[in-house]
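So the chains spell out like this:
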Amino acid sequence: METTNLPTHGPWQPGPWHHGPWQHADGPGWWPVIPLAFGLFWLLVIGGGGYLLWRRSAKAPTSAESVLAERYARGEIDEEDYRERLAVLRA
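K.L.:
What should I look at first to understand the overall build of the protein in this one?
P.N.:
When its secondary structure is counted, the protein shows three helices and zero strands. In sequence order, the secondary structure elements of the protein are arranged as α-α-α. Counting the 91 residues in the protein, one finds 7% classified as buried. Accessible area of the protein: about 8,600 Å², with a carbon and sulfur share of 64%.

Laid out in structure tokens, this is it:
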């Protein structure tokens, strides 16, 4: 009886660490995490863009009274002019 000295594992015979294209010896590996991370990334990108658009359009319109108060605070108009214009706005 002849014995050959061929290795038990080689490229023609996968070793114990490889049981198929989606399995490893100690679990399924990272393949389920990659699609979840990719989806989370795009969810954050789209959500962030939507938030920025919402913030840009959600600015409250400036009322005439607040513009008048700002002009008075900056010193562009005096108190008498401010009171006259405010009375006209409220009438």
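Now that the structure has been shown, the text picks up again.
K.L.:
Looking at this structure, how should I read the pattern of salt bridges?
P.N.:
Side chains that carry opposite charge are capable of pairing whenever their charged atoms lie near each other. If you walk through the whole model with that rule in mind, you get six salt bridges. A salt bridge links arginine 90 to glutamate 65; its shortest N-O distance comes to 3.4 Å. Of this pair, arginine 90 sits in helix H3 (residues 79-90) while glutamate 65 sits in helix H2 (residues 64-74), placing them 25 residues apart in sequence. With its nearest N and O atoms 3.1 Å apart, the salt bridge here joins arginine 71 to glutamate 76. Its relative accessible area of 47% is what places glutamate 76 among the partly exposed residues. A single salt-bridge network, built from bridges that share partners, covers Glu70, Arg71, Arg74 and Glu76.

K.L.:
In this structure, what is going on with the packing of aromatic side chains? I would like to understand it.
P.N.:
Each aromatic ring pair is specified by the distance between its two centres and by the angle formed by the two planes. All told, the structure shown has four aromatic pairs when counted by the stated rule. Measuring from centroid to centroid gives 5.2 Å for phenylalanine 41 and tryptophan 42, while their planes differ by 75°, and the two rings are edge-to-face. On the accessibility criterion, phenylalanine 41 (46% relative accessible area) is partly exposed. Here the aromatic cluster, defined as three or more aromatic residues joined through ring pairs, consists of Phe38, Phe41 and Trp42.

K.L.:
How should a nonpolar patch on the surface be read in this particular structure?
P.N.:
Taken together, the side chains of Phe38, Phe41, Trp42, Val45 and Ile46 present a nonpolar region at the surface, about 540 Å² in accessible area. Secondary-structure assignment places isoleucine 46 in helix H1 (residues 33-57).

K.L.:
What should I look at first to understand the packing of H2 against H3 in this one?
P.N.:
The description of two packed helices rests on the angle between their axes and on the distance between the axes. It is the contact of H2 with H3, at a shortest axis distance of 10 Å, that shows an interaxial angle of 180°. Looking at the two axes, H2 sits roughly antiparallel to H3. In this structure, H2 uses Ala64, Glu65, Leu68, Ala69, Arg71 and Tyr72 to contact H3, whose residues at the interface are Glu79, Tyr82, Arg85, Leu86, Leu89 and Arg90. The residue makeup of the contact of H2 with H3, split by class, is seven nonpolar, no polar and five charged.

Procedures and definitions
- Residues numbered from 1 in each chain as written.
- Predicted model: local features only at pLDDT ≥ 70, side-chain atom pairs only at ≥ 80, totals over all residues.
- Heavy atoms only, no water.
- Helix = DSSP H or I, 4+ residues; strand = E, 2+ residues; numbered from the N terminus.
- Buried < 20%, exposed > 50% of the residue type's maximum accessible area, 1.4 Å probe, protein only.
- Areas by Shrake-Rupley, 256 points an atom, 1.4 Å probe, with all protein chains shown as cover.
- Salt bridge = Lys/Arg side-chain N within 4 Å of Asp/Glu carboxyl O.
- Phe/Tyr/Trp six-rings, centres within 6.5 Å; stacked < 30°, edge-to-face > 60°.
- Patch = residues over 30% accessible without salt bridge, like charges linked within 9 Å, V, L, I, M, F, W, Y side chains within 5 Å.
- Axes fitted to C-alpha atoms, helices over the stretch in contact; angles between N-to-C directions.
- Parallel < 35°, antiparallel > 145°, perpendicular 65-115°, else oblique.
- Contact = heavy atoms within 4.5 Å.
- Nonpolar A, V, L, I, M, F, W, Y, C, P; charged D, E, K, R; others polar.

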